[in-house]
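A structural walkthrough
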Amino acid sequence: MSELRTRPVRHAVLADNEALGELDRATWSTLHAVQPRPQPPYDSFFDEGHRPQDFLVAEAENAGGEAAVAGYIRLVAPTPLACNAHVRQIQGLAVADWARGRGLARALLRASFAEARRQGANRITLRVLGHNTPARALYTAEGFAVEGVLPGEFFLHGRYVDDVLMGRSLVA
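What this report covers is the structure whose coordinates are included nearby.

Conventions we followed
The residue numbers shown here count from 1 along each chain, following its written sequence. For this predicted model, a pLDDT threshold of at least 70 governs which residues receive local features, and a threshold of 80 or more governs which side-chain atom pairs are given and counted, while totals over whole chains, interfaces and linings are taken from all residues. Remark: hydrogens and water are excluded; side-chain values derive from all non-hydrogen atoms of the structure. To form a nonpolar core, buried Ala, Val, Leu, Ile, Met, Phe, Trp, Tyr and Cys residues must be joined to one another through side-chain atoms within 4.5 Å. Burial status follows relative accessibility: with a 1.4 Å probe on protein chains alone, a residue under 20% of its type maximum counts as buried, one over 50% as exposed, and anything between as partly exposed. Secondary structure is summarised from DSSP: a helix means a run of H or I of at least four residues, a strand means a run of E of at least two, and numbering begins at the N terminus for each. Stacked, tilted and edge-to-face pairs are distinguished by plane angle, under 30 degrees for stacked and over 60 for edge-to-face with tilted covering the rest, among Phe, Tyr and Trp rings (Trp via its six-membered ring) whose centres lie within 6.5 Å. Within this analysis, the arc is defined by the directions that extend from the helix axis to the C-beta atoms. Any two residues whose heavy atoms approach within 4.5 Å are treated as being in contact. Pairs of N or O atoms are called polar contacts if they sit within 3.5 Å, as long as, within protein, a hydrogen donor faces a hydrogen acceptor (for residues adjacent in sequence, only side-chain-to-side-chain pairs).

The next subject is the nonpolar core. One finds I90, L109, I124, Y139 and F144 to be the most contacted residues of the largest nonpolar core, which totals 27 residues. When contributions to this core are tallied by element, the ones reaching two or more residues are β2 (55–61), β3 (67–76), β4 (87–95), α2 (104–118), β5 (123–129), α3 (133–141) and β7 (159–169). Ranked by size, the runner-up nonpolar core spans 11 residues in total, among them L20, F46, F55 and Y72.

Given below as structure tokens:
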């Protein structure tokens, strides 16, 4: 596989709306989705609950040599409670097919750790479907540990699927 030429991970801006929406639809998979496949007409990627400032974006050169959105990660406070303000939660991670297997998801995770620390967090959590083995392996490699399992939490495509809760410290 050729080297992926990337740019530094950055915060999303409103102008990323269309590219992020396209990426989100292109990466929809039964491996991670709990919502049905999006159908036209498509909603805006950004809305009241999904603000540009909640997303970090990775850009890379596509096959045509042009800079393109290649991935994103959503990082938010898990609740509005002051007693939970020290935690950030990853609520979405996507990498374009053409950019997979080259460390982009890892770079997005590491950028989210830095951003969470910048926001004053000392802990980061996420939820992942039990059958999503590739994501679970990546999260484990990046220091996450399974902290709980909700057995059969979702009924997806004719079977029950576990919801796995993972977390890690951000304290060095």
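A complete count under the given rule lists 8 aromatic pairs for this structure. A ring pair is formed by F45 and Y72, whose centres lie 5.4 Å apart and whose planes are at 70°; its orientation type is edge-to-face. Taken as a pair, F45 in the loop between α1 (17–26) and β2 and Y72 in strand β3 lie far apart in primary sequence, 27 residues in all. Here the two residues F45 and Y72 agree in accessibility, since each one is buried. Seen in terms of ring centroids, F55 and Y72 are 5.6 Å apart; in terms of plane orientation they differ by 70°. Their pairing is edge-to-face.

Bringing α3 into the picture now. Where α3 is concerned, the buried positions are A135, L138 and Y139. The buried residues of α3 occupy one face: seen down the axis, they fall within an arc of 95°. The exposed set on the far side of α3, more than 90 degrees from its buried face, consists of T133 and A141. Buried residues belonging to α3 abut β4, α2, β5 and β7. The N-capping residue of α3, defined by a side-chain oxygen 3.3 Å from the backbone nitrogen of A135, is N132. Within two residues after α3, G143 carries a phi angle of roughly 95°, on the positive side.

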